[in-house]
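# What the coordinates show
Below, each chain spelled out in residue letters.
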Amino acid sequence: MILTFKVKHYMDFSHELSLAHKVAEFALRTGSRSSKDVKHIGLKSMIANQILRKYSKDKRLKHVRRVVLAIPNQGMHVDKQNKKINIPSLKLDLDYQFRNDFKKINQIEINKDYAFISVTVDEPLIRKIDGYIGVDRNTTGHIAVVGNPTTGKVLKLGKSAEYIHKKYKNIRKNLQKKGKYGLVKKIKHRESNIVRNLNHKVSRKIVDTADKNNTGIKLEDIKQIRKHVKSRRGFRYSLNSWSYYQLEQMIRYKAKLLGIPVEYIEPAYTSQNCSRCGHLGNRNGKKFMCPSCGHVDHADSNASFNIALRQVKDGRLNVDRDTFKGSTDTPQTAMMGTTLTVEPHVL
Ligand SMILES: [Zn+2]
């Protein structure tokens, strides 16, 4: 699997980055792939080639934004013993602290402040587990509610998410009224950072819980959630489908690093059925009651148990949904800096 680590480089590459921007614009305009065509711009041809390839190939790219200096594997020297990387074309020396057991560095992307170093590491074997924990992401007030049917324990994680969302929504509304659109964008960015940090903590906790209890993790299929959720429980953690997705990606890659399996289930009726006897129950706000067996539970807990106990969808067991290219992962504390390829486009 590919992991990306973030390392501060303490250099000023604003000149190179502005040249890179020009190369990208040229590639977008002309579709050129030849570094000869952009020689006049003056960016090192190895770096220019990477940018040309990206911007001439991807038809979805309409605008040039956030160009990085991409250094391919052959453009660097790696000294594993001293944990140093040298990039001659940029006269850059990087010290790294992350795990040294990577097979190779695929590439390094450099922006104003950071180098994003993407490495290939061996994927741990999927471990033998005792049951599953269920993760409910469409709860009455948390980012996720985690139920372990074996122990009967329930964890409610990320309570502040709704509050944060409301708070920032109000701020944005006020700014919009005043016509301060630049600030609106800034605020959006700030909110998505806060949510990302929260998702990091929540996913960490979920994966640690699975690790301690030696369970796998079951999630509702997010595409199905999108289809059903509006008619079901009202899209509480509303509009934030990107946040659902982001949390999912974080759970997946943190679980993968520990060999913990993550499975998907069909989300229909996870909130209406009784987790004890399987019969249809009555749901009233946060309360769940089963007329068949008399079971009474918090609605979110009941749903999370149902998710944990539900059979995995046919044919989905081994489907790898890893569509993201890699995630920054400097151990625990620095995990805050994950660069998932998810854009917060609908806030
Ligand atoms: Zn029941």
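Residues numbered from 1 in each chain as written. Predicted model: local features only at pLDDT ≥ 70, side-chain atom pairs only at ≥ 80, totals over all residues. Heavy atoms only, no water.

### A closer look at the sheet that holds strand S9 (residues 144-148)
- Ordered in space as S10-S9-S8-S11-S12, the five strands form an open sheet in which the pairing is mixed. A single partner strand is all that each edge strand has here, and the edge strands are strand S10 (153-157) and strand S12 (262-265). The average undirected angle you get between the axes of adjacent strands in this sheet is 25 degrees.
- Where S9 and S10 come together, five bridges link them in antiparallel fashion. Bridge assignment links Ala-144 to a residue of S10, and that residue is Leu-157.
- In the packing of helix H6 (residues 241-258) onto the sheet, contacts are made with S9, strand S11 (216-220) and S12, and the angle to S12 comes to roughly 140 degrees.
- Across the face of the sheet, helix H7 (residues 299-309) comes into contact with strand S8 (132-136), S9, S10, S11 and S12 while running at roughly 130 degrees to S8. (Pairing = 2+ DSSP bridges. Helix = DSSP H or I, 4+ residues; strand = E, 2+ residues; numbered from the N terminus. Axes fitted to C-alpha atoms, helices over the stretch in contact; angles between N-to-C directions. Contact = heavy atoms within 4.5 Å.)

### Things to note about the nonpolar core
- Counting 42 residues, the largest nonpolar core has Ile-87, Ile-108, Ile-110 and Ile-117 as its most contacted members.
- For this core, the element with the highest residue contribution is helix H1 (residues 14-30), accounting for seven residues.
- The residues contacting Ile-87, other than those within four sequence positions of it, are Ile-71, Gly-75, Met-76, Leu-92, Leu-94, Ile-108 and Ile-110.
- Val-135, Leu-175, Ile-187 and Leu-198 belong to the second largest nonpolar core, which has 25 residues in total. (Core = buried A, V, L, I, M, F, W, Y, C linked by side-chain atoms within 4.5 Å. Buried < 20%, exposed > 50% of the residue type's maximum accessible area, 1.4 Å probe, protein only.)

### Focus on the pattern of salt bridges
- Per the counting criterion, the structure on display carries nine salt bridges.
- Across the pair Lys-256 and Glu-123 runs a salt bridge, and its minimum N-O distance is 3.8 Å. Here Lys-256 is found in helix H6, whereas its partner Glu-123 is found in the loop between strand S7 (114-120) and S8, with 133 residues between them in sequence.
- The exposure class assigned to Lys-256 is buried, which follows from its relative accessible area of 13%.
- In this structure, Arg-172 and Glu-191 form a salt bridge, with 2.8 Å as the shortest nitrogen-oxygen distance. Taken together, the positions of Arg-172 in helix H3 (residues 160-177) and Glu-191 in helix H4 (residues 181-213) put the pair 19 residues apart, joining distant regions of the chain. Each of the two residues, Arg-172 as well as Glu-191, counts as buried. (Salt bridge = Lys/Arg side-chain N within 4 Å of Asp/Glu carboxyl O.)

### So, the coordination of the zinc ion
- Within the protein, Cys-274 (SG), Cys-277 (SG), Cys-290 (SG) and Cys-293 (SG) serve as the donor atoms for the zinc ion, at 2.3 to 2.4 Å.
- Coordination geometry of the zinc ion: the four donor atoms subtend angles of 104 to 116 degrees at the metal centre, consistent with an arrangement described as tetrahedral.
- Cys-274 sits in the buried class, given a relative accessible area of 1%. (Donors = N, O, S within 2.8 Å, 3.2 Å for Na, K, Ca; no water. Tetrahedral: all angles 85-135°; square planar, octahedral: opposite > 155°, others 65-115°.)

### Section: the packing of aromatic side chains
- All chains considered together, the criterion is met by five aromatic pairs.
- Look at Tyr-96 and Phe-98: their rings are 4.6 Å apart centre to centre, the planes differ by 25 degrees, and that puts the pair in the stacked class.
- Residue classification places Tyr-96 among the buried positions, given a relative accessible area of 1%.
- Residue classification places Phe-98 among the buried positions, given a relative accessible area of 1%.
- Relative to Phe-102, the ring of Phe-98 has its centre 5.9 Å away and its plane inclined at 50 degrees; by these criteria the two rings are tilted.
- Members of the aromatic cluster, connected to one another through ring pairs, are Phe-5, Tyr-96, Phe-98 and Phe-102.
- The ring centre of Tyr-114 lies 4.5 Å from the NZ or CZ of Lys-6, which sits over that ring.
- For Lys-218, the ring lying beneath its charged end belongs to Tyr-132, and the centroid distance is 4.4 Å. (Phe/Tyr/Trp six-rings, centres within 6.5 Å; stacked < 30°, edge-to-face > 60°. Lys NZ or Arg CZ within 6 Å of the ring centre and 35° of its normal.)

### Thoughts on helix H2 (residues 45-57)
- Taking 1.5 Å as the rise per residue, H2 with 13 residues should run 18 Å; its terminal C-alpha atoms sit 17 Å apart, in good agreement.
- For H2, every residue scored as buried is listed here: Ile-47, Ala-48, Gln-50, Ile-51, Leu-52, Tyr-55 and Ser-56.
- For H2, the secondary structure elements touched by its buried residues are H1, strand S2 (69-72) and strand S6 (104-110). (Expected span 1.5 Å × (residues − 1).)

### Re the sheet that holds strand S5 (residues 92-95)
- Taken together, three strands build an open sheet; the order of strands is S3-S4-S5 and the sheet is antiparallel. The open sheet terminates on both sides in strands that have one partner only, identified here as strand S3 (77-79) and S5. Between one strand axis and the next, the sheet turns by 15 degrees as a mean value, whatever way the strands run.
- By the bridge criterion, four bridges tie strand S4 (residues 84-87) to S5 in an arrangement that is antiparallel. Paired with Ile-85 across the strands is Leu-94, a residue of S5.

### With respect to the environment of Ile-164
- Along the chain, Ile-164 falls in helix H3.
- In this structure, the C-alpha to C-alpha distance between Ile-164 and Val-195, residues 31 residues apart in sequence, is 8.2 Å.

### A word on the environment of Gly-147
- Note on placement: Gly-147 falls in strand S9.
- A relative accessible area of 0% places Gly-147 in the buried class.
- Taking C-alpha positions, Gly-147 is 5.2 Å from Gly-134, a pair spaced 13 residues apart along the chain.
- Residue contacts for Gly-147: discarding those within four places in its chain leaves Tyr-132, Ile-133, Gly-134, Lys-153, Ser-304, Phe-305 and Ala-308.

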